[in-house]
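Chain residues, written in single-letter form:
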Amino acid sequence: LDATCLLYSGNTLTHTVDYRNRSGPAESHAVQHSGDVMHPGGGTHTIHLDLQSLDVGITSCVFVISAWKDVKLSDIVSPGISFMDEEGDGEPLCTYDLDTHDKISQ
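1. A closer look at the sheet that holds strand β4 (residues 31-33)
In a beta sheet, neighbouring strands pair by backbone hydrogen bonds and run either parallel or antiparallel. Strand order in the open sheet made by the three strands is β3-β4-β7, with antiparallel pairing throughout. In the strand order of this sheet, the two ends are held by β3 (23-24) and β7 (47-49), each with one partner. Direction of pairing for β4 relative to β7: antiparallel, over a ladder of three bridges. Looking across to β7, one finds that Gln32 is bridged to His48.

Structure (structure tokens):
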């Protein structure tokens, strides 16, 4: 499972931060990607977003998860995404569990 953050200014995609482009925008580095963090049985990607450092021209941050190469999202066991406040109590602000939704695009 790969995680990507797409940064938009209005309708224009200005930056893509993912496992290949692990930091952006260049001026602020407000978005940082961990790259692949592998452990037995799987791996994780973490994207840190510093809203205070984000350029005021960025109007949207879109978070995308995708499967790599020939793997389909339906092949991945227990895929999910959660958003957390790094300075908070450790509880997710929100979560999305793909196993509870249709993982197959039509």
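2. Concerning the side chain of Asp18
Checked against the element boundaries, Asp18 lands in the loop between β2 (12-17) and β3. Residue Asp18 is classed as buried on the basis of its relative accessible area, which comes to 4%. A polar contact is formed between the side chain of Asp18 and the backbone nitrogen of Arg20, at a distance of 3.0 Å. Among the polar contacts made by the side chain of Asp18, one reaches the main-chain amide nitrogen of Asn21 at a distance of 2.9 Å. Apart from residues lying up to four places away in sequence, Asp18 is in contact with Ala3, Thr4 and His33.

Cut-offs and rules
- Residues numbered from 1 in each chain as written.
- Predicted model: local features only at pLDDT ≥ 70, side-chain atom pairs only at ≥ 80, totals over all residues.
- Heavy atoms only, no water.
- Pairing = 2+ DSSP bridges.
- Helix = DSSP H or I, 4+ residues; strand = E, 2+ residues; numbered from the N terminus.
- Buried < 20%, exposed > 50% of the residue type's maximum accessible area, 1.4 Å probe, protein only.
- Polar contact = N/O pair within 3.5 Å; in protein donor to acceptor, adjacent residues only side chain to side chain.
- Contact = heavy atoms within 4.5 Å.

These results come straight from atomic positions and should not be treated as a statement about function.
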